[in-house]
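Observations on the model geometry
One-letter residues, chain by chain:
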Amino acid sequence: MARSKFIFITGGVVSSLGKGIASSSIANLLECRGLRVTLQKLDPYLNVDPGTMSPFQHGEVFVTDDGAETDLDLGHYERFTHATLTRANNATSGSIYERILARERRGDYLGKTVQVIPHVTDAIREQINKVATDDIDVVLTEIGGTIGDIESLPFVEAIRQMRQQVGRNGCVFVHVTLVPYIAAAGELKTKPTQHSVKELRALGIQPDILVCRAETGFSREIREKISSFCDVDREAVIAARDVDTVYQVPVEFAEQRVDDIVLDRLRLEAGPRNLKPWKDMVHRLRNPRDKVSIGVVGKYVDYEDSYKSLKEALLHGGLAHDLEVEVGWVEAEGIVRETAKGQLDRYDGILVPGGFGIRGIEGMIEAIRYARENLVPYFGICLGMQVMVIEFLRNVCGVSDANSAEFDPEARDRVFLKLRELKGVEDLGGTMRVGAWPCRLQPESFAHRAYGAPRISERHRHRYEFNRPEYEGVITDNGMRITGETPEVDYVEICELPDHPWYLGCQFHPEFKSKPLEPQPLFKAFVGASYERRLRHGSSAAEREAQQFLRLPWSRTRRAIVSSGVSRWDSRES
Ligand code: GLN
C-alpha cells in the first residue's frame, strides 16, 4: 500500500464555485512546501469521458500526454502544479461502470450479485489508489457535482470508506460552499453552508476544512457562526472571496494558512512555503507595461469555458512580455470578405483555434486571408492550421476547390483526409490522433526560433491529416513551408509563411501545455509578434473608440469584463 496521504474535495450549495481552482490552489501550496502532489477528478455523470461531449455543454475537453480526453479541471491542475496527469487522473461513473460491466460479462464476479456497494465503491477506491504511487506525497481528489446529487452518492461513500482505509490522519475532507449576500436583508447568509454540511454529515463525512465562497469575504462573527454550526475549527473556515485572477487564489489560501492546516491534519512534515515566484507572477500579471489585442475567430466564442486553456495560454504569452492580452472573441460565421477588414483591424494578431464541423469555416478563411494579405501575425491551431492551408491553396495556389474531407467529402481537392484514406500511410486503428506526439522542427523557422530546440512534443486531438503526398508540392512551390513533422511517419505538424512577420499553423494543441510560470513558446512568440505590429501601427481607430467608451461612467460592466482579461465586445456586436 502506498504511503500517500489524501485530500478529498467536495462541493455544496451550488455548482461552479470553483472547486477545481480550490483543489489546484491547495496542491500549489503543498508543492511550494516541497511536497509531491497529484490531482484527480471524479465526475458522477454517465458519459465514459468528455471526449464526445459538446464544448457548448461541457466546456473544453482537456487532453493529457497519454491521450486521455478529460474534464477541463485537469487543465487547472496542470497550470497550478507540476503534476503529470494521465487517464487515471479523471474518471466518470460511465468509465467505472464500463469496467465493472466488462468484468461481470467475463464472469469475474463468480456468480455474485454485482452492487453499488461494494462493487462500484470498490472500483472508485481502486481508481483513487491508482494515482497514489510511491513518488506522491499527497493525492487531491475532487468529486464533481454538488453534495445532495443522486449520482454522486457512490463517490461520497467511496471517500468515506477511504477514511476507514487510511485512518483519520491519512486524509482531509475539504468542502467548498457558498455564503451568499442577500441584498434585501443586507446580510451574508450561512444557512446554505449549514445545510450542505448537514447533508455531507448525513453521508458520514465530517469536513475538516470549509472553503466558503463569499463575494467580498466575511467578518470574524460569520466565521465563528459557521465554525460552531458546522463543527469545523475556526481557523479551518476559509473565506474565499472573489479575486481578479484565479492565480491569486493560492496567495489568499496561504494568508489563511490552508497549507498549515492540511499538514497538521495529515501529520505531515514539510519545508517552509516558497510562494515568491508565484506571487511575483501575480504581481506582473496585475502590472503590465502595455497591452496587446488578439482576435480569436472561432465557433464556440460565446461559451466561457470552451476555449479555457487557449485563454490561459494567451494570458501566459502576454505575461512572458509583461503585456496584458485583450482577447476579442469573434464569431467566425459573422465574417465575410467585404467586411473582414473592418471587423478585424482593431486586433494586433489573429488566432483561429481548434474545432470540429463545418460551421464558420468560410468566415475563418476570410479572417485568415485578411491576416495573410495585411501582414497581421496569425496563429492557427489544429483546425486553424487546416483552414490556413486551405485558404493558401484556394487564394494563392489557385486550387479553388481545396477543402477538408471533414467539410466536403465530395470536394475535388481533399487536402485534409482521415488517416486511413491517406495513401501510403498505415492506419493506426483509432479514428482520432490524440495525446502527445514528437515533432521535428526545421531550422530557421518561426517554430524553431520560438522553441529554441530541434525536437519537441505536443498534444493532439484531431482526425484529419494534411494530404502530403498530393499537396506538399503545390504549397511549397508557392512559398509555404512545412517546418514541423512527426519523425518516421512524416505527418505534417507545422506550416509557416516565411515572408510574413509571423504566420504559423500547427496541427497540435500547444495551449494544453502552457503554465503561468512556463508560458508555451508559440504563444509567447505570437503575442510578441502581435505586440511588435501594434508598436509599428499604433492602436487602431476602433480601439481608441472603445477606450473612450471605457471612460464613460455607465460602462461599469464593460470595464469589469475588460479587467478580467476577457473582452466580449465583438461577439456582442456581431
Ligand atoms: N476537425 C479537425 C480534425 O478533426 C480539427 C480538430 C481540432 O481542431 N481539434 O482534424
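It should be emphasised that the depicted structure is a prediction, and the values quoted were computed from it without experimental measurement. Just so you know, the residues in each chain are numbered from 1, in the order the chain's sequence is written. pLDDT decides what is reported in this predicted model: residues at 70 or higher carry local features, side-chain atom pairs at 80 or more are listed and counted, and totals for whole chains, interfaces and linings draw on all residues regardless. The side-chain quantities take in all heavy atoms of the structure and omit both hydrogens and water.

1. Some details on the site of the ligand
What counts, and what does not: Any residue with a heavy atom lying within 4 Å of a molecule or strand is counted as near it. For this analysis, a polar contact is any N or O atom pair within 3.5 Å, provided that within protein one partner can donate a hydrogen and the other can accept it, and provided that sequence-adjacent residues contribute only side-chain to side-chain pairs. The protein chains shown are the only cover counted for residues, whose accessible areas, like all others here, come from Shrake-Rupley with a 1.4 Å probe. Runs of H or I in DSSP of at least four residues are treated as helices and runs of E of at least two as strands, each being numbered from the N terminus. Put simply, Ala, Val, Leu, Ile, Met, Phe, Trp, Tyr, Cys and Pro go in the nonpolar bin, Asp, Glu, Lys and Arg in the charged bin, and everything else, Gly too, in the polar bin.
Neighbouring the ligand are the residues Gly 354, Gly 355, Phe 356, Cys 382, Leu 383, Gln 386, Glu 406, Arg 461, His 462, Arg 463, Tyr 464 and His 509. The contact in question runs from a nitrogen atom of the ligand to an N or O atom on the backbone of Arg 461, over 2.8 Å. At 3.0 Å, a side-chain N or O of His 509 approaches a nitrogen atom of the ligand. Summarising the interface, the protein chains cover 99% of the accessible area of the ligand, which totals 300 Å² for the free molecule. For the shell around the ligand, the secondary-structure elements that each account for two or more residues are helix H15 (383-395) and strand S19 (455-462). For the shell around the ligand, the per-class residue count stands at four nonpolar, five polar and three charged.

2. Concerning the sheet that holds strand S1 (residues 5-11)
Note the threshold: The pairing criterion for strands is at least two bridges between them, as found by DSSP. Under this scheme, a helix contributes an axis fitted over its contacting stretch, all axes are lines through C-alpha atoms, and angles between N-to-C directions fall in the 0 to 180 degree range. We call two residues in contact when some of their heavy atoms are within 4.5 Å.
Strands sit in the order S5-S2-S6-S1-S7-S10-S11 across an open sheet of seven strands; the sheet is parallel. The open sheet has two free edges, formed respectively by strand S5 (90-92) and strand S11 (237-240), since each of these has just one partner strand. On average, adjacent strands in this sheet sit at an angle of 20 degrees to one another, irrespective of strand direction. The pairing of strand S10 (residues 209-213) with S11 spans four bridges and is classified as parallel. If you follow Arg 213 over to S11, its bridge partner there is Ala 240. The strands touched by helix H5 (residues 116-130) within the sheet are S1, strand S2 (37-43), S5 and strand S6 (138-143), with S2 carrying the most contacts at an inclination of about 155 degrees.

3. Considerations on the packing of aromatic side chains
Inclusion rule: Any pair of Phe, Tyr and Trp rings, taking the six-membered ring for Trp, is counted once the centres come within 6.5 Å. Such a pair is stacked with planes under 30 degrees apart, edge-to-face with planes over 60 apart, and tilted for the rest. Residue exposure (1.4 Å probe, protein chains only): buried if accessible area is under 20% of the type maximum, exposed if over 50%, otherwise partly exposed.
Taken as a whole and judged by the stated rule, the model has 15 aromatic pairs. For the ring pair Tyr 378 and Tyr 503, a centre distance of 5.2 Å and an interplane angle of 40 degrees mean the geometry is tilted. With Tyr 378 in strand S15 (residues 378-381) and Tyr 503 in strand S23 (residues 503-506), the pair connects residues that are 125 residues apart, well separated along the chain. Exposure class is identical for Tyr 378 and Tyr 503. Each is buried. Ring pairing ties together the aromatic residues Phe 379, Phe 446, Trp 502, Phe 523 and Phe 526, which thus form one cluster.

It is worth stressing that arrangement in space is one thing and function is another; only the former is reported here.
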